[in-house]
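The residues making up each chain are set out below.
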Amino acid sequence: MTLIPDIQGAEAFSKAKDDTRLWRAVIEKLGGDYGFSGEIRQFYNGSTVVASIGDEAVIKLFEPWTLALHSNEASALGFLHSMVPIPTPKLFGSGKIED
């Protein structure tokens, strides 16, 4: 069984990104890989798949054609987490999901 839905193209992704049923397995797997568990709550006001697991973790999935955005965001989170005096998210992992 594949975790990642087979969605081809930006238009199809835009229509499928808010369907929690499509993403639940991969969100649970990634959360479990880093030791997070709890209620999964998906957020619907962004351009990609974003969900929280309990109160401790947020998982953000980038589609393959936006890898530059992924790199920029991962770099910014890594930098900001230790450099600013306000609470900022900690990056626990980043990379390509392999089925």
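Figured I'd write up the structure that's included with this text. Everything numeric here is computed off the predicted structure, so don't read it as measured data.

Attention now moves to the sheet that holds strand S3 (residues 57-61). Spatially, S1-S2-S3 is the arrangement adopted by the three strands of the open sheet, whose pairing is antiparallel. At either end of the open sheet lies a strand with only one pairing partner, and these are strand S1 (40-43) and S3. Taking the axes of each pair of neighbouring strands and ignoring which way they run, one obtains an average angle of 25° across the sheet. Here S1 pairs with strand S2 (residues 49-53) via four bridges, running antiparallel.

According to the stated counting rule, one finds two aromatic pairs in the structure shown. Judged by centre distance (5.8 Å) and plane angle (65°), the ring pair of Phe 13 and Trp 23 falls under edge-to-face. With Phe 13 in helix H1 (residues 10-16) and Trp 23 in helix H2 (residues 20-33), this residue pair connects regions lying 10 residues apart in the sequence. Judged by relative accessible area, which is 7%, Phe 13 ranks as buried. The exposure class of Trp 23 is buried, given its relative accessible area of 5%. Taking 5.1 Å as the distance between ring centres and 80° as the angle between the ring planes, the aromatic pair formed by Phe 36 and Phe 92 counts as edge-to-face. Taken together, the residues Phe 36 in the loop between H2 and S1 and Phe 92 in the segment after helix H3 (67-83) connect sequence positions 56 residues apart. Assessed through its relative accessible area of 45%, Phe 92 is described here as partly exposed.

As a further point, take H2. Between its first and last C-alpha, H2 extends 19 Å over 14 residues, near the 20 Å set by a 1.5 Å rise per residue. Next to the buried residues of H2 lie H1, S1, S2 and S3. Count one or two residues on from H2 and you reach Gly 35, which has phi positive near 85°.

Time to look at the side chain of Glu 63. Relative to the elements of secondary structure, Glu 63 occurs in the loop between S3 and H3. Despite its burial, Glu 63 pairs with no opposite charge, the nearest such side chain being Lys 17 at 8.8 Å. For Glu 63, the side chain forms a polar contact with the side chain of Thr 48, separated by 3.2 Å. Those residues in contact with Glu 63, other than ones at most four positions away along the chain, are Phe 13, Ser 47 and Thr 48.

So, how was this worked out
Residues numbered from 1 in each chain as written. Predicted model: local features only at pLDDT ≥ 70, side-chain atom pairs only at ≥ 80, totals over all residues. Heavy atoms only, no water. Pairing = 2+ DSSP bridges. Helix = DSSP H or I, 4+ residues; strand = E, 2+ residues; numbered from the N terminus. Axes fitted to C-alpha atoms, helices over the stretch in contact; angles between N-to-C directions. Phe/Tyr/Trp six-rings, centres within 6.5 Å; stacked < 30°, edge-to-face > 60°. Buried < 20%, exposed > 50% of the residue type's maximum accessible area, 1.4 Å probe, protein only. Expected span 1.5 Å × (residues − 1). Contact = heavy atoms within 4.5 Å. Lys, Arg positive; Asp, Glu negative; His and termini not counted. Salt bridge = Lys/Arg side-chain N within 4 Å of Asp/Glu carboxyl O. Polar contact = N/O pair within 3.5 Å; in protein donor to acceptor, adjacent residues only side chain to side chain.

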